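Structural characterization, general
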Amino acid sequence: MINSNADALGIIFPNSYDSFVPELVSERLMASIPFASRYRIVDFLLSSMVNCGIDNISLIVRKNYHSLMDHLGSGREWDLTRKKGGLNMVPPFAEKNVKVYNGRVEALASILRFLKAQKEKYVIMSDTNLIVNFDFKSLIDAHVESGADITIAYTKEPLSRDLLDMEVGAKDMYYTLELDGTRVREIHLNPKTSGEQNLLMNIYLLERELLIQQIREAYVKGHSYFERDIVMPNLNKLNVQGYLYEGYVARITSVKSYFDENMKMLDEKNLDSLFSANPIYTKIRDDNPTRYINGAKVKNVMAADGCIIEGEVENSILFRGVKVEKGAKVKNCVLMQDTVVEAGARLEYIISDKNVTVTVGQEITGTDTFPVYVEKHKRV
Amino acid sequence: MAKEMIAMLLAGGQGSRLYALTQKLAKPAVPFGGKYRIIDFPLSNCVNSGIDTVGILTQYQPMVLNEYIGNGQPWDLDRLHGGVHVLPPYQKATGSDWYKGTANAIYQNISFIERYDPEYVIILSGDQICKQDYSDFLRFHKEKGAEFSVAVMEVPWEEAPRFGLMVADENDKITEFQEKPKEPKSNLASMGIYIFNWDILRKYLIEDEEDPTSENDFGKNIIPNLLRDNRDMYAYRFDGYWKDVGTISSLWEANMEVLDPENSGINLFDEDWRIYSRNSGMTGHRVGANAVIENSMITDGCRVEGHVKHSILFAGVRVEPGAEIEDAVIMGGTVVGAGAVVKHCIVAENVVIGKNAIVGAMPSGGQKGVATVGSDVVIGAGAKIGPKAMVSKDVKDGEEV
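All residue numbers refer to positions counted from 1 along the written sequence of the respective chain. As they are written, the chains are lettered A onward and the ligands numbered 1 onward, keeping that order. Whole-chain, interface and lining totals are the exception, using all residues; otherwise, since this is a predicted model, local features are given only for residues with pLDDT of at least 70 and side-chain atom pairs are given and counted only at 80 or more. To get the side-chain values, take all heavy atoms of the structure and skip hydrogens and water.

**Notes on the overall build of chain B**
Numbering of helices and strands starts at the N terminus; helices are DSSP runs of H or I of at least 4 residues and strands are runs of E of at least 2. Along the backbone of chain B there are nine helices and 31 strands. As displayed, chain B has an accessible area near 16200 Å², and 46% of this comes from carbon and sulfur atoms. Only four residue types enter the charge count, namely Lys and Arg as positive and Asp and Glu as negative; His and the chain termini do not. Where a charge sits is defined by one atom per residue type, namely NZ (Lys), CZ (Arg), CG (Asp) or CD (Glu). Within chain B, one finds 39 positive and 56 negative side-chain charges whose respective centroids are separated by 4 Å. Computed by Shrake-Rupley with a 1.4 Å probe, the accessible areas treat only the displayed protein chains as cover when residues are assessed.

Right, here's the structure in full:
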């Protein structure tokens, strides 16, 4: 495939929106949160990029990136072990910035030299709180066709409760667009408007040269935020275009939404619309197939390889290596990798993190509106 | 840098007794146990035993196998020095030859082995399901001061005449070799796994090649020649799980044994001895609201709406509502249509079984057999495939085979 290269490089911000899900990121970051039985959120973005011929991808991490490094390794599973480009993990530079960067401008300023040395014409930037199987090729096509300086992907949807309830001073912001045709006329920061909105996906496309120039200027002025300090004040000078994304999107804005978005994968329609376009790659664990032993009763379940099921499981997502022992009952749960539910235990509306053990006969119950989260390595 | 021991894996077998399953691929590439292929077992054994250089001798239908092995990365055999190498017969300045026999296949690759200057060479076979630590075997070989060792299994005396048998003294030294004898003097069956001192193997391969009457086979020629010369030959007793899956019924049986690791001894859930394979990359499997799954193994990418009992579903199998599957081995990508009844059989990859079709049957009275459907076959709605059938062509709606 000689035409496979998209002439774009990818920049991913794996810590963005960490503050939405404090429990889930206590030992990791947004990008490495497990999703849909065997993936991490970052897999979707990386695979989408790779499937569109983007093979030079940088991840600018802030903190808690150990689990992400462990997950990505050399990037082999995403076909990103390249001599040119490939996977490039950028941790904060301790000597240079004593405090870790704030906002995209500082983060990008720390890799300006790298950006200058690259060959790709375009840069695609993205956060990682969205789970999408994104077609970046059509984003690039739309950008070229419209002659835009910056193209911003958005969805049409009402603001969720989580966003409406967010405090004004919150660290992580969200944005909506006001459009004239496809041209962006205004960007609203943390709006509280009801009804359908043009909600930003925080996926941006622009030319590398333009990005370098804008970041240099903004950094000198002491600005931090790409949207607020670069895009918003320049809407008249720059041709900023909106790109409506109509594919499947799972947006993580809270622990509750994390639970709900996982549960939505139990509906085959959702599963197919997220996964059918292009393959999603992830780290391989070499588990054996999942084993159902006599006594197992399963109904409406998604389970990865390596599980051993001897009890009852209903409406649940099981990650790799989960064990449900005899007489245990699991209903409406998201059980991450290697969770063990011992004999006779009962779980309802639970999110268990990796390596949780629920001991014999224990009963833990959350509710639909408030699923209970059990932290990593916990024995209850 | 010299390697202490490298492995040569014989994977050229046509597997003609697997009929429909080996029309398009070599026996070692036949899928097994939900997400593996047979060759994953010897390859994983090598890596788990610390062997990092493996030559795979291929000949028959090598395409699937070549693609599957690739650069050897899934088995951690993508190495700077060593790693896995597929070795098909090739054209040399002096002419070219197919591999005439197992010994000849190794003979033609003497130069490959010499690149690693090994002290020992282990010869493996690509048609067995077995978890074995080859480093234990090598330790035995060294302790005995052997020039040649063969791994053997004790088999029931009444079955002994089906095997190549090693007669050994109380010190495990081999005194006689009997190939499928009518009157066995031993019940130690050869597993077809040998360790040779490389200088000995090399000498006998060259000598064998010069003998125009030889069949160039380890069992028929090399081992008898070693015995003739009173070489130091030892039998290494192995007592773990071992199964030659050369026939439909043994392949089916071995798959069923995977479902019962507590009693059968073949445990794929062994963290200390993982079997590696190339990954399908599919999502977790889906079990629908009305599905029933009993005592089965289900792999990534499956979608189950029907009833699955005591069966193995490989990656990406779809079981539509009302379908019934029992004692069956269903390989990757196959679709079992609504209301179909699939029992006591092996269905290969990417088969489409039409609505209400019947494939195989549970054994009853005189009717006993493992129905087999080859890959990519389409079985029409309402068609019936008998318990002894071997199907490798499409079957029309309502047709009986």
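**Examining the packing of aromatic side chains**
Remark: the centre distance and the inter-plane angle together describe each pair of aromatic rings, the angle taken between the planes. Any Phe, Tyr or Trp ring, taking Trp's six-membered ring, that has another such ring centre within 6.5 Å forms a pair; planes under 30 degrees apart are called stacked, those over 60 apart edge-to-face, and the others tilted. Under the counting rule described, the total for this entry stands at 21 aromatic pairs over all chains. Between the aromatic rings of B:Tyr36 and B:Phe41, the centroid separation amounts to 5.9 Å while the plane-to-plane angle is 65°, which identifies the pairing as edge-to-face. Considering the side-chain rings of B:Phe112 and B:Tyr116, the 5.4 Å spacing of their centres and the 70° angle between planes classify their relative orientation as edge-to-face. Accessibility classification places B:Phe112 together with B:Tyr116 in one group, the buried group. A connected cluster of aromatic rings, assembled from ring pairs, spans A:Phe35, A:Tyr39, A:Phe44 and A:Phe275. The lysine or arginine in question, A:Arg104, covers the ring of A:Phe13, its NZ or CZ lying 4.8 Å from the ring centre. Burial status follows relative accessibility: with a 1.4 Å probe on protein chains alone, a residue under 20% of its type maximum counts as buried, one over 50% as exposed, and anything between as partly exposed. Both a distance and an angle decide whether a charge sits over a ring: NZ of Lys or CZ of Arg must be within 6 Å of the ring centre and within 35 degrees of the ring normal.

**Thoughts on the confidence of the model for chain B**
Within chain B, residue pLDDT values average 94, and 100% of them lie at 70 or more. The ipTM assigned to the predicted complex is 0.90, against a pTM of 0.92. Confidence scores here are pLDDT values: one per residue, from the predictor, ranging 0 to 100.

**Examining the interface of chain B and chain A**
With 34 residues of chain B at the contact, the number on the chain A side is 34 residues. Between chain B and chain A, roughly 2900 Å² of surface is buried when both sides are summed, and carbon and sulfur atoms account for 43% of that area. The term salt bridge refers to a pairing of a side-chain nitrogen on Lys or Arg with a carboxyl oxygen on Asp or Glu at a separation within 4 Å. Summed over the shared surface of chain B and chain A, the result is five salt bridges. Two N or O atoms count as a polar contact when they lie within 3.5 Å, although within protein this holds only if one can serve as hydrogen donor and the other as acceptor, and sequence-adjacent residues are included solely when both atoms are side-chain atoms. There are 23 residue pairs in polar contact (both at pLDDT 80 or more) connecting chain B and chain A. Among the secondary structure elements, those contributing two or more residues to the side of chain B that touches chain A are α9 (261–264), β16 (285–287), β17 (292–294) and β18 (296–298) of chain B. Per-class residue counts for the side of chain B that touches chain A are 13 nonpolar, 13 polar and eight charged. In the sheet, strand β14 (residues 290–292) of chain A pairs with β18(B) via three bridges, with the strands oriented antiparallel. Contacts are assigned to residue pairs that have any heavy atoms within 4.5 Å of one another. Buried area is a sum: the accessible area each of two parts loses on coming together, probed at 1.4 Å, counted once for each and added. Residue polarity follows a fixed list, in which Ala, Val, Leu, Ile, Met, Phe, Trp, Tyr, Cys and Pro are nonpolar, Asp, Glu, Lys and Arg are charged, and the others, Gly among them, are polar. Any two strands between which DSSP finds at least two bridges are classified as paired.

**So, the pattern of salt bridges**
All names here are of chain B. Under the definition given, this model contains 49 salt bridges over all chains. The shortest N-O distance in the salt bridge between Glu 209 and Lys 100 comes to 3.1 Å. In this pair, Glu 209 sits in helix α6 (residues 198–209) while Lys 100 sits in the loop between β7 (95–96) and α3 (102–107), placing the two residues 109 residues apart along the sequence. When its relative accessible area of 22% is taken as the criterion, Glu 209 is described as partly exposed. The partner of Asp 270 in a salt bridge is Lys 131, and the shortest N-O contact between them spans 3.4 Å.

**Re the packing of α6(B) against helix α7 (residues 218–228) of chain B**
All names here are of chain B. Interaxial angle, 0 to 180 degrees, is taken between N-to-C directions of lines fitted to C-alpha atoms, where a helix line uses only the stretch in contact. Relative orientation of the contacting elements α6 and α7 amounts to 115°, with a least axis distance of 11 Å. Taken together, α6 and α7 sit at an angle that is classed as roughly perpendicular. When you trace α6 past α7, the crossing you get is right-handed. Here Ile 200, Leu 201, Tyr 204, Leu 205, Glu 207 and Asp 208 of α6 lie close against α7, whose contacting residues are Phe 218, Asn 221, Ile 222, Asn 225, Leu 226 and Arg 228. Counted by class, the contact of α6 with α7 contains seven nonpolar, two polar and three charged residues. Working rule for angles: under 35 degrees goes down as roughly parallel, over 145 as roughly antiparallel, 65 to 115 as roughly perpendicular, anything else as oblique. Should the near helix be turned counterclockwise from the far one by less than a right angle, the crossing is left-handed, whereas a clockwise turn marks it as right-handed.

**Remarks on the domain arrangement of chain A**
Frequently, the measure chosen for interface size is the accessible area that the parts lose on association. Residue and element names in this part refer to chain A. Domain extents, as shown, originate in an automatic or database domain assignment. Splitting chain A by domain gives domain 1 (8–275) and domain 2 (291–374). Taking the mean C-alpha position of each, domain 1 and domain 2 sit 33 Å from one another. Each partner contributes residues to the interface: domain 1 has 19 residues there, and domain 2 has 23 residues. Where domain 1 abuts domain 2, roughly 1800 Å² becomes buried across the two surfaces, and 70% of that area is made up of carbon and sulfur atoms. Among the residues of domain 1 in contact with domain 2, Ser 37, Phe 259 and Leu 266 are the three that bury the most area, contributing 36% of the side total. The tally of links between domain 1 and domain 2 comes to one salt bridge. If you look at where domain 1 meets domain 2, you find three residue pairs in polar contact (both at pLDDT 80 or more).

**Quick look at the nonpolar core**
We call a set of buried residues a nonpolar core when its members are Ala, Val, Leu, Ile, Met, Phe, Trp, Tyr or Cys and they connect through side-chain atoms within 4.5 Å of each other. Counting residues in hydrophobic clusters, the biggest one holds 71 residues, and the most contacted among them are B:Ile39, B:Leu43, B:Val54, B:Ile56, B:Ile122 and B:Ile346. When residues of this core are assigned to their parent elements, the largest contribution, six residues, is made by helix α8 (residues 248–258) of chain B. Setting aside residues no more than four positions away along its own chain, B:Ile346 makes contact with B:Leu21, B:Ile248, B:Leu251, B:Trp252, B:Val329, B:Met331, B:Val370, B:Ala371, B:Thr372 and B:Val373. Of all hydrophobic cores here, the second largest spans 55 residues; its members include A:Val374, B:Ala323, B:Val336 and B:Val359.

**Comments concerning the pairing of strand β6 (residues 122–127) of chain A**
Residue and element names in this part refer to chain A. In terms of residue burial, β6 counts as a mostly covered element, since six of its six residues are buried. Here six bridges tie strand β1 (residues 8–13) to β6, and the two strands are oriented parallel to one another. In the sheet register, Phe 13 faces β6, and the bridge partner there is Asp 127. Pairing between β6 and strand β11 (residues 196–207): five bridges, direction antiparallel. Looking at the pairing, Ser 126 lines up with Ile 203 of β11.

**Some details on the state of the cysteines**
Covalent bonding between the sulfur atoms of two cysteines is what defines a disulfide. Only a pair of cysteine sulfur atoms within 2.5 Å qualifies as a disulfide here. Under the counting rule described, the total for this entry stands at zero disulfides over all chains. With no disulfide partner, A:Cys307 has as its closest neighbouring cysteine sulfur the one in B:Cys302, 13 Å distant.

**Thoughts on α6(B)**
Residues and elements named next belong to chain B. The span you would expect from a helix comes to 1.5 Å times its residue count less one. For α6, built from twelve residues, the straight-helix expectation of 16 Å at 1.5 Å per residue is met to within 8% by its first-to-last C-alpha distance of 16 Å. Every buried residue of α6 is listed here: Trp 198, Ile 200, Leu 201, Tyr 204, Leu 205 and Asp 208. Considered in projection along α6, the buried side chains sweep an arc of 155° and stay on one side of the axis. Structurally, α6 contributes buried residues whose contacts are with α3, α4 (110–114), β8 (120–125), β13 (188–197) and α7. Each direction from the helix axis to a C-beta atom contributes to the arc, which is the arc of those directions.

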